[in-house]
Amino acid sequence: MIVEVINWAISAVEYEVYEGVTIRDLIVVFLILFIAFLIAKIIAMSLRRSLADKMRKDQLEILIKFVYAVVMLIAIVTVTPILGLNLTGLLVAGGIAGIAIGFASQKVVSNLLSGLFLIAERPLKIGDQIVVGNVAGFVEDMNVMSTIVRTYDGLYVRIPNETLFTSNITNPVANAARRFEYTISIRYSDDAEKAIQIIKDVIEAHPFALKIPPPRVFVDSLGDSGVNIIARIWAPSSEWMDVKMDLLWKIKVELEKNGIQIPFPQRVVWFGKELQESNQGS
Amino acid sequence: MFGAFRLRELSVELRNLKISVERDNGCFRYVRSLDDSRVEKVLFEDAEVHVNPVEPVNLPKKITNYLYISFRKPVLISPGEAATFYLTFPIEIGVILAEEGIYEDIDVFSFVRPKYALYGDPKGGVIGRYWESDVFTRIPELDPMREGVLELRATNLSNKWCEISKAVFDVYGMKVYYNEHAVSSIAEMRVHSQRMADTSFIDKPLFEGMRRAIELYTARALPMLATKFTMEWGV
């Protein structure tokens, strides 16, 4: 009985599926692809572990994807003869099929090409903050077809690369430093020069308010309710938001500590009747 | 204060700095307070701990690996000549665990206030830890808790006079040495023109017998390439 089963199994794996390709060949192909998949995974994992501290995350991801693709390509090239496929014929057929598929899937191809152009142009990288259309957030992943953005409120947004490529991309952290600005109003009765000095001292005390380029603090305009002082401050792009949030309140507190008040909107109203009465009285 | 200790024996009280290690149910509780900052960490095993000056780019958090020293007075060097002078650099003190050659910093603090600046333009420039230094022609006596001595060996390789008013260094490769009286480092600057220079650190103590500090910035695959910084936006 067992012998019969073994004989049946042997004859089954020798069963020809098509043009000399047997089930055994298919099993071998499956095993090769599976082993290649495992090898690619192991290499990717060890690259991620060993280079995580030494490479930027986006560069590491590109390297891992490249190594992964190479391993799988080698495996595919290895199994094609087993499957009885002629690579030359495959390439010709692939070329013709490519044209047909290209026409049929222009959007997909467009996304693919846009992805390649984006990788080459590198207007953004993983971890950057970007604003594209009405989407603003962190770049989580960059694939050949699409870019994944995590918005500031934690939403997952997939942007097709074609959309990304043809849109205005604002990358607020692409440069090393960026500037922000406050308009601070003080009362007309306050000493503007003293206020400017206080604001400069608060800025100077903040480690990430850059010393160079120097901050600019000056009286910008004489407003309806008070004197408007503008403070322009440079900060490292990575710290920009924190510095901006941190400094304004410190400036306000320090000004008030020195007797300088932020004015409320004021309007002086003259009553004509009262004026006449007071004139008559005198 | 600098040196190697057993964790359980670590205890420092200096000016407004206080470091203590308390035993807590078989664990060790590291507590450090300085001005308004306080750090508290729990460690499960006793270990060797080094307290020494580290590369001064860690506070209030690590955002760069460049040190930007601005000279209060510029230095002029004639064509083809070299000059050695002394600057100061800020001291940050690291508390580093050492176990079988593996180091882990558990705390970094400083008696000086950190400040940062941009060297170059916003697009291609770098953010550096900013420090203003006097220029000394002989080794200055400094408070080793606040300032270290940086010997700068500058060479003018151009055929014009050059005026040096700043130096920017990549702290990967910065070698800090210390003893009980001083903290030091030695660097060189090769000026190619008024707009371009290379800077790098030299691994030598300023005085005989100084101990080399354990560094926090060492992980580079190609140290020879990594430790040199090219100042492309002027000196």
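Refer to the structure presented above.
Keep in mind that what you see is a predicted model, and the values were worked out from it rather than measured.

(A) Just the overall build of chain A, in detail. Looking only at helices and strands, chain A has 9 helices and 10 strands in total. Here chain A has a C-alpha radius of gyration of 34 Å; the compact-globule value for 282 residues is 19 Å, and the former is much larger. Counting all 282 residues of chain A, 17% fall into the buried class. By sequence separation, contacts in chain A at least 24 residues apart represent 62% of the contacts at least 6 residues apart.

(B) Quick look at the interface of chain B and chain A. Across the contact, 15 residues belong to chain B and 16 residues belong to chain A. Those elements giving two or more residues to the side of chain B that touches chain A turn out to be strand E11 (116–119) and strand E12 (126–133) of chain B. By residue class, the composition of the side of chain B that touches chain A is 12 nonpolar, 1 polar and 2 charged.

(C) Region of interest: the sheet that holds strand E5 (residues 146–151) of chain A. Residue and element names in this part refer to chain A. An order of E6-E5-E4-E3-E7 is seen for the 5 strands of this open sheet, with the pairing classed as antiparallel. Every other strand in the sheet has two partners, leaving strand E6 (156–160) and strand E7 (169–170) as the edge strands with one partner each. One ladder, built from 5 bridges, connects E5 with E6; its direction is antiparallel. Opposite Val149, over in E6, you have Val157 as the bridge partner.

(D) Representation of helix H3 (residues 57–82) of chain A in the model. The terminal C-alpha atoms of H3(A) lie 38 Å apart, and with 26 residues this matches the ideal 38 Å at 1.5 Å per residue to within 8%. A positive backbone phi angle near 75° is found at Gly84(A), which sits one or two residues after H3(A).

Thresholds applied
Residues numbered from 1 in each chain as written. Chains lettered and ligands numbered in written order. Predicted model: local features only at pLDDT ≥ 70, side-chain atom pairs only at ≥ 80, totals over all residues. Helix = DSSP H or I, 4+ residues; strand = E, 2+ residues; numbered from the N terminus. Rg over C-alpha atoms; globule rule 2.2 N^0.38 Å. Buried ≥ 20, exposed ≤ 12 C-beta atoms within 10 Å, placed from the backbone. Contact = placed C-beta atoms within 7 Å. Nonpolar A, V, L, I, M, F, W, Y, C, P; charged D, E, K, R; others polar. Pairing = 2+ DSSP bridges. Expected span 1.5 Å × (residues − 1).

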